[in-house]
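# Reading the structure
So you can see what is in the structure, the chains are spelled out below.
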Amino acid sequence: MSGDRRDVPPVAGDGNGTVAAANSGKQATPVVSVTPSQRLRLNPNKDHKPESYEDLQLDFSPSVFSSLEQYLPPSMLSVSRDDKMKFMREILLKYLPHGEGTRVQRHREYRQKIISNYQPLNRELYAMHPSTFFVPSFIKAISDNTEESFRSIMSEPSPGVFTFEMLQPQFCNLLLSEVENFEKWVNDAKFRIMRPNTMNKYGAVLDDFGLETMLDKLMDGFVRPISKVFFPEVGGSTLDSHHGFVVEYGKDRDVDLGFHVDDSEVTLNVCLGKQFSGGELFFRGTRCDKHVNTGSQSEEIFDYSHVPGGAVLHRGRHRHGARATTSGHRINLLLWCRSSVFREMKKYQKDFSNWCGECLREKKERQRLSIASAKSELLRKDGESTA
Ligand SMILES: [Zn+2]
């Protein structure tokens, strides 16, 4: 949900966000009651082709409904789209923590107030125009849509960290000037804005001033195809909501960013500019909730230097931080992509997470020990028989 903007420092150990996304400015639909026997399936019905909910005014993203449809109990698949929608909405509402309803409502009003007063500077940013936003190599890789085509433009300098050239300089400049224009408006109007997350004092939420639709297209058309290939185990193919924002580092801005995990399944981090030194991203391995504070293996230690227009894609649970920006200003675009299906499934999961470096290390260690004990048992038996 866009109101949910927590970054989670590993020490807090609380990586759980809430399920689902609420879109702003949309009307609520009446609530119907659900009988307890109508439970969701544990695994999606892949043969079922979900309906489109794009044309409806809903308080959750239409793509959430489409994803959730594959989890509906068989008896629900034959009912009308409207009834399915009501049933699913009831479930989604259940996952909102107590008091969340009013928070969502208040955030919707906040966003509405901005959008009806703020005059955008560069209208061309508010709809998706791939040919002017992205470099040609990126567009080609996405349209080819194969692992090979993605690998051809990407490096994976450390396991699970993908870097590639993405944004055109002209797009970066337009977005930078739009953010500057927004901040000027905020100052002039003495409007109190919400910052992107709990860890940044500066920066702005792009979704709050009209860029939500464009960023949804960025996630749907460009981030999800890649995540489907590289991050399937953390819901990469079912990303259905996002939190989009910019962060600003340098003099009179945030200086650095502590070690943390994101409240996302997959994070896209693109440098927009301008001139700066320092500000490297440091990575320290992917961890589940249980292992978020464990040490790093040497192969998990990786530092990345930002280049304007260059993107980094990683799992939200990949622990990272940003070193001090020592001179100039650095502004980055962040897109936290979330999957409500993954968050729902995580609840049923056993203790082991196949995407956690520490879970994997423990599993290997258990295997090593059991092989070692089997070996010594064999040797012992062997010794007995020859004795
Ligand atoms: Zn783990």
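Everything numeric here is computed off the predicted structure, so don't read it as measured data.

Before going further, it helps to examine the overall build of the protein chain. Summing up its helical and strand segments, the protein chain has 10 helices and 13 strands in all. Residues classed as buried in the protein chain amount to 40% of the 387 residues present. Put simply, 83% of the contacts in the protein chain that link residues at least 6 apart link residues at least 24 apart.

Within the element layout of this structure, Ser67 appears in helix 1 (residues 62–69). Those residues in contact with Ser67, other than ones at most four positions away along the chain, are Thr238, Asp240, Ser340 and Val341.

Put simply, Gly273 and Lys274 share a cis peptide bond, and its omega is -5°. Considering the arrangement of structural elements, one finds Lys274 in the loop between strand 7 (266–273) and strand 8 (276–278). Although it is not a glycine, Lys190 adopts a positive phi angle of roughly 50°. Overall, Lys190 belongs to the exposed group, with 6 C-beta atoms counted inside 10 Å.

Bringing the confidence of the model for the protein chain into the picture now. The predicted model of the protein chain averages 87 in pLDDT, with 88% of residues at 70 or higher. Under a pLDDT of 50 for its full length, residues 11–36 has, in the predicted model, 65 contacts with residues more than four places off or in other chains.

Its 20 residues give helix 7 (residues 169–188) an end-to-end C-alpha distance of 28 Å, which sits within 8% of 28 Å, the value for a rise of 1.5 Å per residue. All of the buried residues in helix 7 are Phe171, Cys172, Leu175, Glu178, Val179 and Phe182. Burial along helix 7 is one-sided: seen end-on, the buried residues are contained in an arc of 125°. Residues Pro169, Gln170, Lys184, Asn187 and Asp188 are exposed on helix 7 and point more than 90 degrees away from its buried face.

Right, let's get into the environment of Ile153. Within the fold, Ile153 resides in helix 6 (residues 147–153). The class of Ile153 is partly exposed, set by 18 C-beta atoms lying within 10 Å. In the structure, Ile153 is positioned 13 residues away from Met166 in sequence and 9.5 Å away in space, judged by C-alpha atoms. Leaving out residues up to four positions away in the same chain, Ile153 has contacts with Ser137, Phe138, Ala141, Phe164 and Glu165.

To continue, consider the nonpolar core. The biggest cluster of nonpolar side chains holds 56 residues, and the ones touching the most others in it are Leu206, Val223, Val246, Val270, Leu335 and Cys337. For this core, the element with the highest residue contribution is helix 8 (residues 212–230), accounting for seven residues. Ignoring any residue separated from it by four or fewer positions in sequence, one finds Leu335 in contact with Leu215, Leu218, Met219, Val223, His242, Gly244 and Leu268.

As a further point, take the pairing of strand 12 (residues 318–322). Most of strand 12 sits inside the fold, with four of its five residues counted as buried. The sheet contact formed by strand 6 (residues 257–262) and strand 12 spans two bridges and is antiparallel. Along strand 12, the bridge assignment pairs Leu257 with Ala322. Across four bridges, the pairing between strand 9 (residues 281–286) and strand 12 is antiparallel. The residue of strand 12 that forms the bridge with Leu281 is Ala322.

Moving on: the environment of Arg195. For Arg195, the location among the structural elements is in the loop between helix 7 and strand 4 (204–205). A residue is classified by how many C-beta atoms lie within 10 Å of it, and Arg195, with 16 of them, is partly exposed. Sequence separation between Arg195 and Val205 is 10 residues; the distance between their C-alpha atoms is 6.7 Å. Filtering out sequence-adjacent residues up to four positions away, Arg195 remains in contact with Asn200, Lys201 and Gly203.

Criteria and thresholds
- Residues numbered from 1 in each chain as written.
- Predicted model: local features only at pLDDT ≥ 70, side-chain atom pairs only at ≥ 80, totals over all residues.
- Helix = DSSP H or I, 4+ residues; strand = E, 2+ residues; numbered from the N terminus.
- Buried ≥ 20, exposed ≤ 12 C-beta atoms within 10 Å, placed from the backbone.
- Contact = placed C-beta atoms within 7 Å.
- pLDDT = per-residue confidence, 0-100.
- Expected span 1.5 Å × (residues − 1).
- Arc of directions from axis to C-beta.
- Core = buried A, V, L, I, M, F, W, Y, C linked by C-beta atoms within 7 Å.
- Pairing = 2+ DSSP bridges.

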